[in-house]
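# Structural description and commentary
Each chain is listed here by its residues.
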Amino acid sequence: MTHSEIIRQLISSKANESDFHDFKEQWHVKNKDLIHDILCFANSLSKKQYRYIIIGVDDTDFSIKSVDTQPENRKTQANLLDLLHNANLNVIPIITLETIHYEHSFLLDVIIIEETNFRPYYLTKDYSKQKSKNPLRAGVIYSRSGDRNTPINHTVDSTSMEKLWRIRFGLDKTPLERALIYLNQPEKWERQNIKGMTLQANDSSGQEWISQDYEQYYYKDFPEFTVNLIYDINRGSSFNEPNITAKFPDRSPGSWYDCQLRYHQTILVNEPFITADGHNYIVGLPEIRNDRTYYYVRNSHRYIMSIFVDQHRKHMGHHNFHTFIQRIKAKIVDEQPVESVDSF
């Protein structure tokens with residue numbers, strides 16, 4: 001559903017105010033009260049992705065008070081962003097302002113606040129433009145429970161506060177969910193070389209342990225999360241897909257790698273990687289269709305890890321992942337195609 005459809009449904013059903021929506025008859029007279037409302041909804045523990053402050057609706061009888069008939073204190077998107085930027089917040093919430101035409105002749109303003117992992121939001125300095133005995137306090141966390149905001153002179157309860165900080169640090173999620181969030185913060189990862197052991201097939205006993213160095217990246221805040229780029233000693237330099245290797249100056253076969261996302265010693269994800277153009281590229285293996293065309297699935301583990309490795313290896317003289325995509329004319333699709341695909 002669109003935002004407009006959700007708002008219309010909330011009004012027509014006369015839905016009681018909740019932890020994700022609130023009705024206001026008119027715009028706030030005091031900026032302090034507007035910032036307080038935004039902070040409460042931004043820190044709400046609602047399961048909804050978006051929270052709505054709906055301006056132009058009476059919260060008792062749901063009658064419509066068109067905002068164009070009461071221009072006092074009305075704000076634009078730019079006004080709202082300026083207000084928040086000047087309020088000394090630790091992080092600016094993601095908000096948009098939409099004006100909705102309701103029943104042809106009425107206008108409603110809707111402040112839309114997006115759920116993020118940057119909660120909790122709070123002030124770094126007290127806020128009150130007027131000399132008030134009751135300003136918004138620095139460091140205090142305001143939130144919303146049901147249809148009630150945390151009062152200005154209070155802070156959120158300890159249970160909700162703990163949940164908000166767990167969200168900030170990703171501790172409310174599974175190890176894989178946390179790892180995927182951390183992969184989007186490449187500046188927080190450190191590279192190192194590891195001396196390890198791996199199993200290699202042989203002719204006599206079947207397998208044997210041999211020493212093998214590999215490239216590792218660890219997340220500095222939680223170093224138990226690592227990305228390990230390990231040469232596949234059993235498959236070696238056997239990648240030879242002509243439609244790929246022929247697209248590069250160096251047409252020699254590429255090497256196989258395992259790109260492993262680990263939590264402690266548990267492998268959460270293991271994706272096949274290849275090299276091309278004499279190791280100038282090291283990327284996730286592209287998917288292949290029956291017609292021998294290539295693609296990557298956007299937001300798949302392989303795609304995300306290819307971007308991650310690319311961001312860390314650029315300074316080492318390696319070429320860009322997106323250049324590789326262009327050279328082999330691969331497509332980026334939003335979901336795995338239904339039709340069957342070939343394998344390498």
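Residues numbered from 1 in each chain as written. Predicted model: local features only at pLDDT ≥ 70, side-chain atom pairs only at ≥ 80, totals over all residues. Heavy atoms only, no water.

## Focus: the pairing of strand E9 (residues 225-231)
Most of E9 is tucked away: six of the seven residues are buried. Judged from the seven bridges that link them, E9 and strand E10 (residues 256-263) form a sheet pairing that is antiparallel. When the sheet's bridge partners are listed, Asn228 is paired in E10 with Gln260. (Buried < 20%, exposed > 50% of the residue type's maximum accessible area, 1.4 Å probe, protein only. Helix = DSSP H or I, 4+ residues; strand = E, 2+ residues; numbered from the N terminus. Pairing = 2+ DSSP bridges.)

## A word on the environment of Glu177
Mapped onto the elements, Glu177 comes out in helix H5 (residues 175-182). Assessed through its relative accessible area of 40%, Glu177 is described here as partly exposed. Counting along the chain gives 81 residues from Glu177 to Thr96, while the straight-line C-alpha distance between them is 27 Å. From its side chain, Glu177 meets the backbone nitrogen of Thr174 in a polar contact 2.9 Å long. (Polar contact = N/O pair within 3.5 Å; in protein donor to acceptor, adjacent residues only side chain to side chain.)

## Notes on the sheet that holds strand E4 (residues 106-114)
Ordered in space as E1-E2-E4-E3, the four strands form an open sheet in which the pairing is mixed. The open sheet has two edge strands with one neighbour each: strand E1 (21-24) and strand E3 (95-102). Ignoring strand direction, the axes of neighbouring strands in this sheet form an average angle of 20°. Of the strand pairs in this sheet, strand E2 (residues 50-55) and E4 are connected by six bridges, and their pairing is antiparallel. Bridge pairing in E4 links Ile53 to Ile111. Most of the contacts of helix H1 (residues 3-12) go to E3, to which it runs at about 60°, and overall it touches E1, E2, E3 and E4. Along the sheet face, helix H3 (residues 77-85) touches E3 and E4 and points at about 150° away from the line of E3. (Axes fitted to C-alpha atoms, helices over the stretch in contact; angles between N-to-C directions. Contact = heavy atoms within 4.5 Å.)

## A few points about the packing of helix H2 (residues 31-42) against H3
Close contact between H2 and H3 brings their axes to 11 Å; oriented N to C, the two are set at 85°. What the angle tells us is that H2 and H3 run roughly perpendicular. Contacts between H2 and H3 involve Asn31, Leu34, Ile35 and Ile38 from the former and Leu80, Leu83 and Leu84 from the latter. Broken down by class, the residue content of the contact of H2 with H3 amounts to six nonpolar, one polar and no charged. (Parallel < 35°, antiparallel > 145°, perpendicular 65-115°, else oblique. Nonpolar A, V, L, I, M, F, W, Y, C, P; charged D, E, K, R; others polar.)

## Topic: the confidence of the model for the protein chain
When pLDDT is averaged across the protein chain, the result is 91; 92% of the residues are at 70 or more. The secondary structure element of the protein chain with the lowest average pLDDT is strand E16 (residues 341-342), at 60, and the one with the highest is E2, at 98. (pLDDT = per-residue confidence, 0-100.)

## Details of the layout of surface pockets
Considered as a void within the structure, the largest pocket measures approximately 340 Å³ in volume. Secondary structure elements with two or more residues in the lining of the largest pocket: helix H4 (158-168) and H5. In terms of residues, the lining of the largest pocket owes the most to one element, H4, which gives three residues. Roughly 290 Å³ of volume is contained in the second largest pocket. Lining of the second largest pocket is provided by 14 residues; of these, Asn117, Phe118, Arg168, Gln185 and Lys188 occupy positions nearest its centre. Residue classes in the lining of the second largest pocket are distributed as seven nonpolar, four polar and three charged. (1 Å grid on protein atoms, 1.4 Å probe; cavity = no way out; pocket = protein on both sides within 12 Å on 5 of 7 lines; lining within 4 Å. Points joined across faces, edges and corners; volume = space filled by probe spheres on them.)

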